[in-house]
Amino acid sequence: MPASGGLVEDLSTWAQDLPLRWLLVDEYTGDTDVAVAVCADVDGLFVAPEPLPEPERYTLVGCAPAGPLREALDAAPAPHDGPGDTEPRAWLPTVMLDPVHDPQRPAPHGCQRYDPGCSCSEELFDVEVLGHRPSAARDGLVDVEVRGRLRILPEMHWPLARPPDAQRFLLHGRENEPLGVCRSTTGIFHHRPYPTEQPVTLVGCRPEEPLLKLLRRRSFRKRHLQATVHAVDATGRAVRTYKVLSAVVTAATPSRLDPGLLDITLDGGFDEPFSDGAREIYDLWYAGRPSRRNLWAGYDRGLRHEWAGAALFHRPQDQPDRPPGRTYHLDGRFVTDIEGFYCAIGEAVNGPGGYFGWNLDAFDDCLRGGWGARRPFRLVWHHAEVARRNLVPGYDRPAYDLRSWHPAFTLDDLLGMFAEAGVTVEPR
Ligand SMILES: [Zn+2]
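Residue positions are given per chain, counted from 1 along the sequence in the order it is written. Since the coordinates come from a predicted model, pLDDT governs what is reported: local features require at least 70, and pairs of side-chain atoms require 80 or more to be given and counted, while whole-chain, interface and lining totals use all residues. The basis for the side-chain values is all heavy atoms of the structure; hydrogens and waters are excluded.

1. Overview of the coordination of the zinc ion
Part 1 of the argument: The donor definition counts N, O and S atoms within 2.8 Å of each metal and applies 3.2 Å to Na, K and Ca; water is not among these atoms, so some sites may look incomplete. Around the zinc ion, the protein contributes the donor atoms H101 (NE2), C111 (SG), C118 (SG) and C120 (SG), at 2.1 to 2.4 Å from the metal centre.
Part 2 of the argument: Square planar and octahedral sites, with four and six donors, are those where opposite donors lie more than 155 degrees apart and all other angles lie between 65 and 115, tetrahedral sites have four donors with every angle between 85 and 135 degrees, and the rest are irregular. Note that the zinc ion binds 4 donor atoms; their angles at the metal cover 104 to 114°, and the shape is tetrahedral.
Part 3 of the argument: Think of it in three bands: residues with accessible area under 20% of the maximum for their type are buried, residues over 50% are exposed, and the middle band is partly exposed, with areas taken using a 1.4 Å probe on protein chains only. What makes C111 buried here is its relative accessible area of 15%.

2. Focus: the packing of helix α6 (residues 360–367) against helix α8 (residues 411–420)
Part 1 of the argument: Packing of α6 against α8 leaves a shortest axis separation of 10 Å and a crossing angle of 25°. By the angle class used here, α6 and α8 are roughly parallel. Judged by the twist between their axes, the crossing of α6 over α8 is right-handed. Contacts between α6 and α8 involve L360, F363, D364 and L367 from the former and L414, M417 and F418 from the latter.
Part 2 of the argument: Gly is put with the polar residues, along with every residue not named as nonpolar or charged; the nonpolar set is Ala, Val, Leu, Ile, Met, Phe, Trp, Tyr, Cys and Pro, and the charged set is Asp, Glu, Lys and Arg. Split into classes, the residues belonging to the contact of α6 with α8 amount to 6 nonpolar, no polar and 1 charged. Axis geometry follows a simple rule: fit a line to the C-alpha atoms, using only the stretch in contact for helices, then measure angles between N-to-C directions, giving values from 0 to 180 degrees. By the criteria applied, helices consist of DSSP H or I runs no shorter than four residues and strands consist of E runs no shorter than two, each listed in order from the N terminus. Roughly parallel means an angle under 35 degrees; roughly antiparallel, over 145; roughly perpendicular, 65 to 115; everything else is oblique. The crossing is said to be left-handed when, going from far helix to near helix, the turn is anticlockwise and less than a right angle, and right-handed when the turn is clockwise. Only heavy atoms enter the contact rule, under which two residues are in contact if any of them lie within 4.5 Å.

3. With respect to the packing of aromatic side chains
Part 1 of the argument: A pair of aromatic rings is counted whenever rings of Phe, Tyr or Trp (Trp by its six-membered ring) have centres within 6.5 Å, and the orientation is called stacked for planes under 30 degrees apart, edge-to-face for over 60 and tilted otherwise. As enumerated under the stated definition, the model contains 23 aromatic pairs in all.
Part 2 of the argument: An aromatic cluster is built from Y328, F341, Y342, F356, F363, F377, W381 and F418, whose rings are joined through pairwise contacts.
Part 3 of the argument: The rule for a charge over a ring is simple: NZ of Lys or CZ of Arg within 6 Å of the ring centre, and within 35 degrees of the ring normal. Stacked on the ring of Y286, the Lys or Arg R21 has its end atom at 4.5 Å from the ring centre.

4. With respect to the UniProt feature "domain: Barstar (barnase inhibitor)" (unreviewed entry) in the chain
Part 1 of the argument: UniProt positions are given in the numbering used here, feature names are shortened, and annotations may be inferred rather than shown by experiment. Residues annotated in UniProt with the feature "domain: Barstar (barnase inhibitor)" (unreviewed entry) correspond here to residues 327–391.
Part 2 of the argument: Taken end to end, residues 327–391 has its terminal C-alpha atoms 23 Å apart, with 43% of it in helix and 15% in strand.

5. Description of α8
Part 1 of the argument: For α8, every residue scored as buried is listed here: L411, L414, M417 and F418. End-on, the buried residues of α8 take up no more than an arc of 125°, which puts them together on one face. Looking at α8, the residues exposed on the side facing more than 90 degrees away from the buried face are D412, A419 and E420.
Part 2 of the argument: Tucked into the core, α8 has its buried residues touching α5 (338–350), α6, β16 (378–382), α7 (384–390) and β19 (424–427).
Part 3 of the argument: With its phi angle positive at about 80°, G422 sits one or two positions after the end of α8. It is the directions from the helix axis to the C-beta atoms that the arc portrays.

6. Structural notes on the sheet that holds β19
Part 1 of the argument: Judged by pairing direction, the sheet is parallel, and its 3 strands sit side by side in the order β15-β16-β19 without closing on themselves. What marks the edges here is a single partner per strand, and that holds for β15 (327–331) and β19. Direction aside, neighbouring strands of the sheet carry axes that sit 20° apart on average.
Part 2 of the argument: Each of β15 and β16 touches α5; the most contacted strand, β15, lies at about 145° to it. Paired strands, in this sense, are two strands between which DSSP finds at least two bridges.

7. Description of the pattern of salt bridges
Part 1 of the argument: Basic side-chain nitrogens of Lys or Arg form a salt bridge, by our definition, when they fall within 4 Å of a carboxyl oxygen of Asp or Glu. In total, this model carries 20 salt bridges according to the counting rule given.
Part 2 of the argument: Put simply, R378 and E426 hold a salt bridge, and the shortest N to O gap is 2.5 Å. Placement of the pair is R378 in strand β16 and E426 in strand β19, with a sequence separation of 48 residues.
Part 3 of the argument: On the basis of relative accessibility, which here comes to 29%, the residue R378 falls in the partly exposed class.
Part 4 of the argument: Here the residues in one salt-bridge network are R57, R133 and E145, joined through shared partners.

8. Comments concerning the sheet that holds strand β7 (residues 142–150)
Part 1 of the argument: Strand order in this closed barrel of 6 strands is β4-β7-β6-β5-β8-β9, and the pairing throughout is antiparallel. Along the sheet, successive strands turn relative to each other by an average axial angle of 50°, direction set aside.
Part 2 of the argument: Pairing of strand β4 (residues 56–65) with β7 involves 6 bridges; the strand directions are antiparallel. Note that in β7 the partner of E56 across the bridge is G148.

Take a look at the structure:
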């Protein structure tokens, strides 16, 4: 930190020729949105994805299993113990753990009641049942060894480092089917460090008045910046992305790109940056809307997801739906995964680079109108055999995102949603 003065002394000259592609908007401080900066690049906005963590071992201690968990244990030879003995015996997509708090005592700090359960609930997913043995907890109960993953949704809550105050845990599956009850667990509640955010640098940055004001502050604490990133295209049109920068400004120096601009460093940045491969998608949109279909076809699932996100951010606003009764044509040649479906349906309805949902909830929302097509409409699905071959029942483990590990969405699921929305699908 500079010992005296703020971070900025004189900003009288600005670059003229450098494309300033990222606009930062403060939507949080005042009543209205205020531009805080435009910059040529945001170092830390596009980041190579972290490798997925390994699955973990858990024990459900003092367990009275029921339903599919009991069936899984019946299929698993017992007793079972020791290292090396890790061949999966049976598998469950989800084991929810709902702690039963002592009704005589106040709810634990931070506990919010839901119906059923509460915010102390945890979800184990992609659970391999490794085996079980008689429990020391009580005769007739078993300790169940599993290998799986804990669903972590930081925007909901961070997993507790210590078990919640609970008399027991009710176990149930994804559709709320009972899986029994256990007394306690091991392996689930332990310290999990919150991921450290990588520092971000606003490169070639032209601060607007609110950021200038912030840069002049001497106190580190008062230089916290929270702003949403908007992508600016070559015509100067800015579209809002979902990326939010929230960090403290630590330094500002003349820019390496242009001495009339600043490079502004922050001590952290984005919870979920774009994947590094998505940069070329945003480069494409910078130059203008995609003019051809299927430019996403060569991408893997992660980048197809980024493609559909970019389509969402860039969708034209305030454009009325086309009237009902229209026929749309879906090019199904590249629908080898659910992400490919979202890309293809977006282009079927709204043309190259079009958007019509980027997850199942959003797609369902789009089907209801307001996103380009008023129902009822007709969809001719060309090369539907590609989706029929690929969107099949199973458990989906996309490599780019642990969050979307769940039972696969199948072609039949999609056809069911179309039918429910009054859309006639003609596979060809
Ligand atoms: Zn609770």
